[in-house]
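The residues making up each chain are set out below.
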Amino acid sequence: RFRGSAPRFATAAQVLLASMFILISSLRQLLSYLGLTLSLCAACSVACLFLPSVRARAPLDAFYRTRLPAAIYVVATLSTATIMTLNQPLQIVATLLTFSIGALVYVALSCRRRD
């Protein structure tokens, strides 16, 4: 009955939360929030490139060719996000709230679907 609905509901919850942030934020706060959120999403996406190499035990030279640029990107993005957070600590609260709500809705609906 709920097959495939968990990601849709989780995304809808995040859209509602982000819409609330849009309504209560100034343009500067909104751009900072969006920059941090999108940066962390991109870092998580790029970090997924490491999953096949961990599972398959790729040779070291393949790591340097394919995974080193990804590692540099992830570290640079996380460093930038840390600096952004130190300058405006409320950004990370809003970003973590957005991610948490989406994850909780996804997990709740996924567990309910299995029962």
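Residues numbered from 1 in each chain as written. Predicted model: local features only at pLDDT ≥ 70, side-chain atom pairs only at ≥ 80, totals over all residues. Heavy atoms only, no water.

## Things to note about the overall build of the protein chain
Counting its regular elements, the protein chain contains 5 helices and 0 strands. From first element to last, N terminus to C terminus, the protein chain shows the α and β order α-α-α-α-α. Just so you have it, the protein chain exposes about 8,200 Å², and 70% of that area is on carbon and sulfur atoms. (Helix = DSSP H or I, 4+ residues; strand = E, 2+ residues; numbered from the N terminus. Areas by Shrake-Rupley, 256 points an atom, 1.4 Å probe, with all protein chains shown as cover.)

## A word on the nonpolar core
Listed in full, the 6 residues of the largest apolar core are Leu-17, Ala-18, Phe-21, Leu-30, Tyr-33 and Ala-94. Of all the elements in the fold, those that place two or more residues in this core are helix H1 (5-24) and helix H2 (27-47). It is H1 that provides the largest number of residues to this core, a total of 3 residues. If we skip the residues at most four places from it in the chain, Tyr-33 touches Ala-18, Phe-21, Gln-91, Ala-94, Thr-95 and Thr-98. (Core = buried A, V, L, I, M, F, W, Y, C linked by side-chain atoms within 4.5 Å. Buried < 20%, exposed > 50% of the residue type's maximum accessible area, 1.4 Å probe, protein only. Contact = heavy atoms within 4.5 Å.)

## So, the packing of aromatic side chains
Going through the model one piece at a time under the given rule, you end up with 1 aromatic pair. Between Phe-21 and Tyr-33 the ring centres are 5.0 Å apart and the planes differ by 65°, which places this aromatic pair in the edge-to-face class. Taken as a pair, Phe-21 in helix H1 and Tyr-33 in helix H2 lie far apart in primary sequence, 12 residues in all. For Phe-21, a relative accessible area of 9% translates into the label buried. Owing to a relative accessible area of 7%, Tyr-33 belongs among the buried residues under this scheme. (Phe/Tyr/Trp six-rings, centres within 6.5 Å; stacked < 30°, edge-to-face > 60°.)

## With respect to H2
A rise of 1.5 Å per residue sets the reference length of H2, with its 21 residues, at 30 Å; its end C-alpha atoms lie 30 Å apart and thus fit the reference within 8%. Of the residues making up H2, those classed as buried are Leu-30, Ser-32, Tyr-33, Leu-36, Thr-37, Leu-40 and Ala-43. (Expected span 1.5 Å × (residues − 1).)

## As for a nonpolar patch on the surface
Together, Leu-27, Leu-31, Leu-34 and Leu-38 make up an exposed nonpolar region whose accessible area comes to about 420 Å². Counting through the fold element by element, Leu-38 comes out in helix H2. (Patch = residues over 30% accessible without salt bridge, like charges linked within 9 Å, V, L, I, M, F, W, Y side chains within 5 Å. Salt bridge = Lys/Arg side-chain N within 4 Å of Asp/Glu carboxyl O.)

## Examining the side chain of Thr-37
Relative to the assigned elements, Thr-37 resides in helix H2. Residue Thr-37 is classed as buried on the basis of its relative accessible area of 10%. Of the polar contacts made by the side chain of Thr-37, one reaches the backbone oxygen of Tyr-33; its length is 2.8 Å. Once you skip the residues sitting within four places of it in the chain, Thr-37 turns out to touch Thr-95 and Phe-99. (Polar contact = N/O pair within 3.5 Å; in protein donor to acceptor, adjacent residues only side chain to side chain.)

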